[in-house]
Amino acid sequence: GAVVSQHPSRVICKSGTSVKIECRSLDFQATTMFWYRQFPKKSLMLMATSNEGSKATYEQGVEKDKFLINHASLTLSTLTVTSAHPEDSSFYICSARVQGAELFFGSGTQLSVL
Amino acid sequence: AQKITQTQPGMFVQEKEAVTLDCTYDTSDPSYGLFWYKQPSSGEMIFLIYQGSYDQQNATEGRYSLNFQKARKSANLVISASQLGDSAMYFCAMRVPGTYKYIFGTGTRLKVLA
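Attention here is on the structure that accompanies the text.

## Things to note about the overall build of chain A
Here is step 1: Broken down by element type, chain A carries zero helices and 11 strands.
Here is step 2: The N-to-C order of helical and strand elements in chain A reads β-β-β-β-β-β-β-β-β-β-β.
Here is step 3: Taken over the C-alpha trace, chain A has a radius of gyration of 13 Å; the compact-globule value for 114 residues is 13 Å, and the two agree within 12%.
Here is step 4: C-alpha atoms of chain A, sized along the principal axes, occupy 40 × 25 × 20 Å.
Here is step 5: Out of the 114 residues in chain A, the part that is buried amounts to 53%.

Rendered as structure tokens:
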């Protein structure tokens, strides 16, 4: 199957700092990528749809200025958590749509804000 | 609005036995896609199986099969000959018709016993 690489897998940061998470499609071009957030033992909640070359589309209730998404190329989307606070601590996972129906996911990033 | 319901928070199965994980869905759109993903403790989401609403036959992928009952709006995952490595969270998901967005159920944690 298609490979989606997500980096870093784990990050610990101080409150008030910004953290960037990268999501790369390694063997295909992804015009659309998706960012999800998952709380412990909970389901995945879609945060935003990242479109190459255009602005991301955010789901209701997701702060655009807090979670900056950039999809500058067909193989890279980034999520920047700005001025992170402890309540932003979560598991973030990206995915990309391959030709066809299914999504392929990155391995996720566990963010811990102290 | 679309909705995915997984009513089993946790399941146990003996190694080599078969297990069924329940999933019901709700949508008014006649065209939709249903997916199952496996999430091991490491966090990545692994695509298992896909069923399209117009598919005539139930989907199968190796030891995974999908018991698709359209009238009941259910798409249960059947894992045959369970293995210890099958222990994980399992999520049922639906692609929102007309979009590439997915909505996920709350998941079922499966534990395979030796």
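From this point, the discussion proceeds with the structure in view.
## Digging into the side chain of Gln38(A)
Here is step 1: Position of Gln38(A) among the secondary structure elements: in strand S4 (residues 32–38).
Here is step 2: Among the residues examined, Gln38(A) registers a relative accessible area of 8% and is labelled buried.
Here is step 3: Within the local environment of Gln38(A), its side chain forms a polar contact with the side chain of Gln39(B), the two groups lying 2.9 Å apart.
Here is step 4: Residues contacting Gln38(A), with those up to four places away along its chain left out, are Ser43(A), Leu44(A), Ser90(A), Phe91(A), Gln39(B) and Phe91(B).

## Remarks on the packing of aromatic side chains
Here is step 1: Throughout the structure, instances matching the rule amount to 16 aromatic pairs over all chains.
Here is step 2: When the ring of Tyr36(A) is compared with that of Phe105(A), the centres are 5.9 Å apart and the planes differ by 50°; the resulting orientation is tilted. Of this pair, Tyr36(A) sits in strand S4 while Phe105(A) sits in strand S10 (residues 103–105), and the two are 69 residues apart along the sequence.
Here is step 3: Judged by centre distance (6.4 Å) and plane angle (85°), the rings of Phe91(B) and Phe104(B) are edge-to-face. Residue Phe91(B) is found in strand S10 (residues 88–95), and its partner Phe104(B) is found in strand S11 (residues 102–104); the two are separated by 13 residues along the sequence.
Here is step 4: Using a relative accessible area of 9% as the deciding quantity, one classes Phe104(B) as buried.
Here is step 5: A cation sits over an aromatic face here: Arg63(B) above Tyr64(B), 5.7 Å from the ring centre.

Rules used in this analysis
Residues numbered from 1 in each chain as written. Chains lettered and ligands numbered in written order. Predicted model: local features only at pLDDT ≥ 70, side-chain atom pairs only at ≥ 80, totals over all residues. Heavy atoms only, no water. Helix = DSSP H or I, 4+ residues; strand = E, 2+ residues; numbered from the N terminus. Rg over C-alpha atoms; globule rule 2.2 N^0.38 Å. Buried < 20%, exposed > 50% of the residue type's maximum accessible area, 1.4 Å probe, protein only. Polar contact = N/O pair within 3.5 Å; in protein donor to acceptor, adjacent residues only side chain to side chain. Contact = heavy atoms within 4.5 Å. Phe/Tyr/Trp six-rings, centres within 6.5 Å; stacked < 30°, edge-to-face > 60°. Lys NZ or Arg CZ within 6 Å of the ring centre and 35° of its normal.

The values are spatial; any link to function lies outside them.
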